[in-house]
Amino acid sequence: MEIITLVKANIKHKKGSFISIVLLLAIISLSVTFILSMKNNCDKSLEAAWEDLNPGELIVMISDRKMSDELLTKVENSRLTDKVIDVPGIESDAYYINDNTNGNSLFMRKQDNYFKAYNAELDGYIQEDIKIRNGEIWFPVGVKTNYKCNIGDMVSVYTIYGHEYDFIIAGFIVEPVTGGSVIGWKQAYVSDEDFNRMSDDAEMEELAHEDGAISNIHLIHIYQDGGCSMTSTEFRRALNKETGIVDFAFGSMPKSLCLKYTLLLVNIITASLLAFMFILMVVVFIVMGHSISTGIQIDYAELGILKSQGFSKGKIRLVFICQYLFAELLGILIGFGLAVPAFLLLKNLFFSMTGILSSGRIDFVRSSFIICSVFLISILFVLLMTGKVAKISPIRAISGGKSAVYFDSYLKSKISKKRIHTSIALRQFTSNSRRYIGITVIVSILVFFMMTAMILGNILNSKTALESIGMICNEINIDFKTALSDEQLNDIEEVVEQYTPITHKYYLRHMYLSLNGEETMCRIMRNPEEIPAISKGRAPLYDNEIVITDILADEYKLSIGDEVVISHDDKKASYIITGYNQSINDVGMIFSMSLDGAKKVGIENVYWGAYSLDDAGYAEKAAADINQLYGDLVSAEHNEDAGDMDSYNEIISIIKVIIYVLSVIFASVVVHMVCIKTFIQERHDIGIYKACGFTSGMLRLQFAVRFLIISIFGSLVGLIFSVLLSGWTIAQILRLVGISVIKVSYTPLTFILPILVICFCFFIFAYAASRKIKYVETRELVME
Amino acid sequence: MKEKILSAQDLSKSFAHNGEQLHILSHIDLELYEGDFTVIMGASGSGKSTLLYALSGMDRATAGKVIYKGMDIVTLDEKKLSVLRHGDFGFVFQQMHLIGNLSLFENIVVPGYLNKTVSASDINARAEKLLSQMGIEHVKTHMPSQVSGGEQQRCAIARAVINTPKLLFADEPTGALNRKNTKEVLNLLTELNQSGQSILMVTHDLRAALRANRLLYLEDGKIIGELTLPPYHDEDKKSRETQVNAWLSSMEW
């Protein structure tokens, strides 16, 4: 009973600290529950959508020319497969949505069993039967995200011979295979009549030209035998070994990779935010530690009195534990409570990235597990921090308590008349710097995170930085209409160089080839010396050389000097690995070789060119000139955003906003809490200053300036951490998208903005929290 | 004829306690004169400190006026009061109340730095002079926790007079000191008074009261007695003591 009485009294007496702990824990618990629920829902909804549409364990795309009944039968008869569905499709490399294209392939198919559409509001499904009409096209949501298009917008599909098929976007579909915004390939549905018309054209085009703009393909949905328990990539490897189907395909999509790529952005966001939450939890512990130790200092006399009245150190510690744990528990419950409406409101936050509606179930189990672990750790922490209670001597405590004793310090700063408030504030900091270690650490953590988020944003917004991580940042795209000779390409380059020098030129194609039996993305470059971001070794200059990414090297256990076998269709050749490079294509699972090297496995040409210009301002003019002079050979267009990082920029913006908002909230709560304690500790000094003629305004300013100094000091520590660790931290995050080595790019704003935000918050919040100074009366100094 | 520097008119101070009004000061009329060393005495709880704080503007009276230079300081806002505190008034507390993280020298100069009409070098020079006058020059760079109570109180007095106040208020300045330090502090106050400093001091201590040339006796928030003495000299200490003792006896002290 006496414990409850004391706990109640303490909470009533120290409402500020109590509310702050409740608030911090509520934020943590709300955020953790929200983030885990979002992740869990995305995982489960995508899995459920996959099960619902049941597209199989592996989808293989094979050109009609390379498809044979023999191959299909082989696959059907494999002991690894349960069933195989051969769906006719049309591949287009030249489609435009509202006159924009990203150059990725579109696979059009007729309406079939896999068709499930969203309503116009994209918050539910169309229940009625849909019959696709002529001129309509249905896309996955990822297309809407990437092209910012809507129902009713125009889509044009071209052939090499200038035929144009115009479609209107009739709606968006549930598409767990290629629906994610990060997946370049997209499937779309058109009417049977439109499909057949295009298919006939594609056939004609193929007869005249090996690599047409549209071509007939087969989308082979392969279902794994129930007796097999392989992962989908193992299944692909084993099936290819047995039947060779992947070698004949120009692409394949195993279930696990589709799910991985669809959830890529979600995983990056949730992993980054959970890491941030973990650090915020550390911040909460620091704040609690500060609160407990200053609380013991402030209540030193009272604790001595309690001891003299027979309270054991165990009982006193129990009071502290109950008090803090009650605050934590309350915060956790409030956080859980707020997570429910927050989640229901924002459950489809990642819809534009995954293209799948969330089921809206909160992940209480995993959240509770994490929060309970934190709760248990905090019990140990409070026990540890309250160890000082044992050392309180009743006699010493009662005879005047334990006031802060200041001695000369090397850090002692001069008090000057000119800058009296700043110099006094600085003295208050330097004369008791130990008291501010915790808050300095907190500031440095917040600033570190804010700077890291800024640096991440810089990387994705700077052409040089993007090139350093293997991005091809081009201002002009060139689509070849036919195979071009070196002379023809030189003529085209000359058109551009009339305006501005070309800093990098790339002639390339991306396609899947089998590397040691694993279907892997390959970048084939006509000019291999231009392969970007070689981090080790050298470019593949001879026809038996390749470079691989270090992520691929890790995954396939390969290194420089190793020999690999690359196969395509029925051709196969050996190559030596000459170096490592970086690329975000296929999240880093990519290798590169020269066109001469590719010719050894039957690939004769590349069909895409890209120019990075010295002066991007001439891109539009140069592209127009190319089209005018060489329109029969190529189609050129200028690229307004060099480097296609829109989707990544979006997530970085989300992460940045969340980190900044949480940092500001934490800064406000931490400052408020520390200010309250500091105010109690210094109430006496405040009275003295007032008696000496200082006004409340001056003292509030001093108080705020002191916290400004602390925030500047902490920010500098954060800056050092950032210089030392941000690159490493970002590399860990970007590894998820295929980048393992980054060149950190700083701008003045990288440092200035986080420091300004934090320092401004500390100053303002400290000034606001110091309003109680107004109520300190000089009369309090009187000894009656 | 001495010049009046501060006057209280019908000054009252009361608190509400459990729905009841407690009258600490009741309709006090008082005038303080330039150059006087005035002492307020009285039993515990008689309202001595409350009167001192009300007169100095550290606390606000509930009713009445405190007139200084034609202004009623009861109605002054915080900004104007702060100007009085670092300009015209000085204050010495019983518990010294030095700022713990400032050295003795800095404790003295900080209120001086608030004074915009005097340069920093002048303040520093005056502080050095006061340190020497107070006999604490040798510990000027020490922190308060590193010096004795007497040295702390001498520092507090130097701080109170750094801006050459018109009136120095002292609330039991020797209350926390031993015999030796008490004597030293009283000598300092007497010296200050002899150099023209007007002082209003609250004390219990007869030795302190002997230094005054005017004694007021407070009982239940009212001034019930006043004694005027010639300026203090060590030689007539004995006769002053007899005179003050007799007066205090008549006040039933």
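Rules behind the numbers
For every chain, the first residue of the written sequence is number 1, and numbering continues from 1 along that sequence. The naming scheme follows written order: chains are lettered A onward, ligands numbered 1 onward. At least 70 in pLDDT is required for a residue's local features to be given in this predicted model, at least 80 for side-chain atom pairs to be given and counted, and no such filter applies to totals for whole chains, interfaces and linings, which use all residues. Excluding hydrogens and water, the side-chain figures rest on all heavy atoms present in the structure. Only protein chains enter the calculation, and the probe is 1.4 Å; a residue is then buried if its accessible area is under 20% of its type maximum, exposed if over 50%, and partly exposed in between. Helix numbering and strand numbering both begin at the N terminus, where a helix is a DSSP run of H or I of at least 4 residues and a strand a DSSP run of E of at least 2. If DSSP finds at least two bridges between two strands, the strands pair. Each Phe, Tyr or Trp ring (for Trp, its six-membered ring) is paired with any other whose centre lies within 6.5 Å, and the angle between the two planes then decides the class: stacked below 30 degrees, edge-to-face above 60, tilted in between. Cation placement over rings: the criterion is NZ of Lys or CZ of Arg within 6 Å of the ring centroid and within 35° of the ring normal. Contact criterion: two residues are considered in contact whenever any of their non-hydrogen atoms come within 4.5 Å of each other. When two parts are brought into contact, each loses some accessible area as probed by a 1.4 Å sphere; the total of that loss over both is the buried area. The rule for a salt bridge is simple: a side-chain nitrogen of Lys or Arg has to be within 4 Å of a carboxyl oxygen of Asp or Glu. An axis is simply a line fitted to the C-alpha atoms; with a helix, the fit covers only the stretch in contact. Between two such axes, the angle follows the N-to-C directions and lies from 0 to 180 degrees. Helices are assigned an expected span. That span is 1.5 Å times one less than the residue count. To form a nonpolar core, buried Ala, Val, Leu, Ile, Met, Phe, Trp, Tyr and Cys residues must be joined to one another through side-chain atoms within 4.5 Å.

## Here's the deal with the pairing of strand β1 (residues 58–63) of chain A
All names here are of chain A. By the criterion of burial, β1 is predominantly enclosed, with six of the six residues buried. The pairing of β1 with strand β9 (residues 214–224) spans six bridges and is antiparallel. Pairing of S63 across the sheet is with I217, part of β9. Where β1 lies against strand β10 (residues 251–254), four bridges are found, and the strand directions are antiparallel. Opposite V60, over in β10, you have S252 as the bridge partner.

## A closer look at the packing of aromatic side chains
Enumeration over the complete set of coordinates arrives at 29 aromatic pairs over all chains. Summarising the aromatic geometry, the rings of A:Y499 and A:Y618 are spaced 5.8 Å apart at their centres and angled 25 degrees between planes, so their arrangement reads as stacked. Of this pair, A:Y499 sits in the loop between α18 (486–497) and β12 (502–515) while A:Y618 sits in the loop between β19 (608–613) and α21 (619–630); the two residues are 119 residues apart in sequence, bridging distant segments of the chain. Between the aromatic rings of B:Y217 and B:W247, the centroid separation amounts to 6.1 Å while the plane-to-plane angle is 85 degrees, which identifies the pairing as edge-to-face. Of this pair, B:Y217 sits in strand β9 (residues 214–219) while B:W247 sits in helix α8 (residues 237–250), and the two are 30 residues apart along the sequence. The exposure classification of B:Y217 matches that of B:W247, with both residues buried. What links up through ring pairs into an aromatic cluster is the set B:Y53, B:Y68, B:F89, B:F91, B:F93 and B:F169. The ring of A:Y125 has A:K116 sitting right over it, with the charged end atom 4.3 Å from the ring centre. We note B:K140 situated over the ring of B:F105; from NZ or CZ to the ring centre the distance is 5.5 Å.

## Observations concerning unusual backbone geometry
For A:N54, which is not a glycine, the phi torsion comes out positive at approximately 45 degrees. Tracing the sequence through the fold places A:N54 in the loop between α2 (15–53) and β1. Overall, the relative accessible area of 34% leaves A:N54 in the partly exposed class. Phi is positive for B:H97, close to 50 degrees, though the residue is something other than glycine.

## Remarks on the interface of chain B and chain A
Each side of the interface is counted separately: chain B has 37 residues, and chain A has 33 residues. Of the roughly 3,000 Å² buried between chain B and chain A on both sides combined, carbon and sulfur atoms contribute 59%. Contact with chain A buries surface across chain B, with B:H97, B:N101 and B:Y113 losing the most and accounting together for 20% of the total. One can count two salt bridges joining chain B with chain A.

## Examining the sheet that holds strand β10 (residues 222–228) of chain B
Residues and elements named next belong to chain B. The six strands lie next to each other as β6-β7-β8-β3-β9-β10, forming an open sheet whose pairing is mixed. Only two strands of the sheet have a single neighbouring strand rather than two, namely β6 (89–92) and β10. Recorded for the sheet is a direction-independent mean angle of 20 degrees between the axes of neighbouring strands. Relative to strand β7 (residues 167–171), β6 runs parallel, the two sharing four bridges. Across the sheet, F89 pairs through a bridge with L167, a residue of β7.

## Things to note about the side chain of B:H86
Of note, B:H86 is situated in helix α2 (residues 78–86). Look at B:H86 and you get buried, because its relative accessible area is 10%. Look past the residues within four positions of B:H86 in its chain and what remains in contact with it is A:C692, A:G693, B:P111, B:L114, B:N115 and B:N163.

## Notes on the environment of A:V155
Among the secondary structure elements, A:V155 is positioned in strand β6 (residues 154–158). Taking C-alpha positions, A:V155 is 74 Å from A:Y689, a pair spaced 534 residues apart along the chain.

## Here's the deal with helix α6 (residues 179–194) of chain B
All names here are of chain B. In this model, α6 (16 residues) spans 22 Å end to end at C-alpha, consistent with the 22 Å of a helix rising 1.5 Å per residue. Elements that come into contact with the buried residues of α6 comprise β3 (37–42), α4 (120–134), α5 (149–161), β7, β8 (198–202) and α7 (206–209). Immediately beyond the C-terminal end of α6, within one or two residues, lies G196, with a positive phi of roughly 110 degrees.

## Topic: the nonpolar core
Grouped burial of nonpolar side chains is what soluble globular proteins tend to show. Counting residues in hydrophobic clusters, the biggest one holds 225 residues, and the most contacted among them are A:F139, B:L189 and B:L215. For this core, the leading source of residues is helix α9 (residues 264–298) of chain A, giving 18 residues. Apart from the residues within four sequence positions on either side, B:L215 is in contact with B:V39, B:M41, B:A209, B:G225, B:E226, B:L227, B:L229, B:V244 and B:W247. By size, the runner-up hydrophobic cluster in this structure holds 46 residues, among which are A:L484, A:L489, A:I492 and A:I551.

## Focus: the pattern of salt bridges
Residues and elements named next belong to chain A. Using the criterion set out here, one finds 25 salt bridges over all chains in the structure. Of the charged contacts, one joins E518 and R237 as a salt bridge, the two residues approaching to 2.0 Å between their closest N and O atoms. Of this pair, E518 sits in strand β13 (residues 518–525) while R237 sits in helix α6 (residues 232–243), placing them 281 residues apart in sequence. Judged by relative accessible area, which is 38%, R237 ranks as partly exposed. Sharing partners across several salt bridges, the network here consists of E47, E51 and K255.

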